[in-house]
Amino acid sequence: MQFRLLCASLIGAGSLVFSSSAFAWGPYGHAIVADIAQERLTPQAQKAATALLALENHQTLDQVASWPDTIGHVPKKKGGAPETLKWHYVDIDVSHPAYDQARDCPDHVCVVEKLPEEIKILADTHASAQDRLTALKWVVHLVGDIHQPLHAAERNKDMGGNAIRLTYFGDNANGHMNLHSLWDEGVIDHEADLHVGPFYSIDASRAKKEADRLGALITPDETKYWVQDLDGDDVYNATVDWADESHSLARSVAYGALPANKGADIGKDYTALTWPIMELRLEQAGVRLAAVLNTALNGG
Ligand code: ADE
Ligand code: ZN
Ligand code: ZN
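Along each chain, residue indices are assigned from 1 in the same order as the chain's sequence is written. All chains are assigned letters beginning with A, and all ligands numbers beginning with 1, in the order in which they are written. In keeping with the predicted nature of the model, local features appear solely for residues at pLDDT of at least 70, side-chain atom pairs appear and are counted solely at 80 or more, and the whole-chain, interface and lining totals rest on all residues. Excluding hydrogens and water, the side-chain values take into account all heavy atoms of the structure.

A. How the structure looks around helix α11 (residues 268-296). Every helix listed is a DSSP run of H or I at least four residues long, and every strand listed is a run of E at least two residues long, numbered separately from the N terminus. One less than the number of residues in a helix, times 1.5 Å, gives the span that helix is expected to have. Spanning 29 residues, α11 covers 41 Å between terminal C-alpha atoms, matching the ideal 42 Å at 1.5 Å per step. Largest kink in α11: about 30°, centred on Thr-274, with the proline Pro-276 one to four residues after it. Burial classification: accessible surface area is computed with a 1.4 Å probe over protein chains only, and a residue below 20% of its type maximum counts as buried, one above 50% as exposed, and the rest as partly exposed. Taken across its 29 residues, α11 has 21 buried, putting it largely inside the fold. Think of it this way: the bend at a residue is just the angle between two axes, each fitted to seven residues, one set ending at that residue and the other starting at it.

In structure tokens form, the structure reads like this:
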């Protein structure tokens, strides 16, 4: 992947290499979540979102969904991390059953704490339009990230599986394939035939098509059930729930379904178990993003 090679060469040998896959669902995952949400916005939220997006000549949510992965990619100094890197995930060790703020996010810099903060800015009609647009970009992105199981789990300090190198159907992506990147984009790429292009580029119409396919699978009962934890206006409790769901799926599926033999190639069996979970998480993220935006933007 061109983008990663660029990152790697800019950062240089001997330092930590931050690649796009360390941050997020890949750009297709984020665009799919945004597209599912876009279709479910109330007319009022749609109007408010469109007005904010227009500040930067954008029309739709998918156009800004991966923006947080494009900022601060190259650490300021060798080995340093971009300031917002930790906003994208929370490392909850698999030995723990659920999120604990004091233990897992003591400095309040992780996806569980940042997402509600950004939702608050987005909903604040006294905040500047530019600040609200930036918040909108973060919200669209982080609702996606928090639904990626490996963004809420780690095992043996493996950084959400980033440290677990593997081959997928015999491919090691020039040494860049790892358990985390498999969940961010490898399986989506394989199952939905969505290949990320140079410089993180995607075909928006193909993402939309996949979003429409997934969107059509969502029943009204599911929608109702999935947004239940947003009732009562407490976005913070809902984000904790979503992280806990992700953590649980990481334990049972992302890590749990790995072959016992560590060097074994990951392929058909693992994909059959994990792709339905990824589809579910993309659907849930899309439905919940719409619900969050419909509330946050209902005042204009
Ligand atoms: N870096 C460290 N832990 C991570 C995680 N769980 N997800 C993504 N990037 C990480
Ligand atoms: Zn991210
Ligand atoms: Zn990721």
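Picking up after the structure, the text goes on.
B. Summary view of the state of the cysteines. We call a pair of cysteine sulfur atoms a disulfide whenever their separation is within 2.5 Å. Overall, the coordinates contain one disulfide when judged by the stated rule. Between Cys-105 and Cys-110 runs a disulfide, and the two sulfur atoms are separated by 2.3 Å. Taking the torsion about the sulfur-sulfur bond, which here is approximately -115°, the covalent link between Cys-105 and Cys-110 counts as left-handed.

C. Quick peek at empty space enclosed by the protein. Of the grid points, spaced at 1 Å and generated over the protein atoms alone, those admitting a 1.4 Å probe that cannot get out make up cavities, while open sets with protein on both sides within 12 Å along at least five of seven lines make up pockets; any residue with an atom within 4 Å of a point is treated as lining. Grid points are joined across faces, edges and corners, and a volume is the space filled by probe spheres set on the points. A full pass over the atoms with the stated rule returns one cavity of 30 Å³ or more. Estimated volume of the largest cavity: approximately 40 Å³. As for the largest cavity, its lining consists of Gly-26, Pro-27, Tyr-28, Gly-29, Asp-184, Glu-185, Ile-188, Asp-189, Leu-194 and Val-196. Those elements that provide at least two residues to the lining of the largest cavity are α2 (27-38) and α7 (179-192). Lys, Arg, Asp and Glu make up the charged group, whereas Ala, Val, Leu, Ile, Met, Phe, Trp, Tyr, Cys and Pro make up the nonpolar group; the residues left over, Gly among them, are polar. Along the lines of polarity and charge, the residues of the lining of the largest cavity split into five nonpolar, two polar and three charged.

D. Geometry of the environment of Gly-144. Here Gly-144 is to be found in helix α6 (residues 129-146). What makes Gly-144 buried here is its relative accessible area of 0%. For the pair formed by Gly-144 and Glu-283, sequence separation is 139 residues and the distance between their alpha carbons is 9.8 Å. Ignoring anything within four residues of it in the chain, the contact list for Gly-144 reads Trp-25, His-30, Val-33 and Ala-285. Two residues form a contact once any of their heavy atoms are found within 4.5 Å.

E. Expanded view of the packing of helix α8 (residues 204-215) against α11. Axis definition: a line fitted to C-alpha atoms, over the contacting stretch in the case of helices. Angles run 0 to 180 degrees between N-to-C directions. It is at 10 Å that the axes of α8 and α11 come closest, and there the two elements cross at 90°. As the angle between them shows, α8 and α11 are arranged roughly perpendicular. Only Trp-275, Glu-279, Leu-282 and Glu-283 of α11 make contact with α8, whose side of the interface consists of Glu-210, Arg-213 and Leu-214. Taken together, the residues that form the contact of α8 with α11 break down as three nonpolar, no polar and four charged. For classification purposes, angles smaller than 35 degrees are called roughly parallel, those larger than 145 roughly antiparallel, those between 65 and 115 roughly perpendicular, and all remaining angles oblique.

F. Expanded view of the packing of aromatic side chains. The criterion for an aromatic pair is that two Phe, Tyr or Trp rings (for Trp, the six-membered ring) have centres within 6.5 Å, with stacked assigned to planes under 30 degrees apart, edge-to-face to planes over 60 apart and tilted to the rest. Counted according to the given criterion, the structure contains three aromatic pairs. Summarising the aromatic geometry, the rings of Trp-87 and Trp-138 are spaced 4.5 Å apart at their centres and angled 40° between planes, so their arrangement reads as tilted. Pair noted here: Trp-87 is in the loop between α3 (43-54) and α4 (101-104) and Trp-138 is in helix α6, with a separation of 51 residues, a long-range link. Take Trp-87 and Trp-138: they sit in the same class, and that class is buried. Every member of this aromatic cluster is reached through a ring pair, and the members are Trp-67, Trp-87 and Trp-138.

G. Fine view of helix α5 (residues 111-123). The terminal C-alpha atoms of α5 lie 18 Å apart, and with 13 residues this matches the ideal 18 Å at 1.5 Å per residue to within 8%. Packed against the buried residues of α5 are α3, α4, α6, α10 (235-255) and α11.

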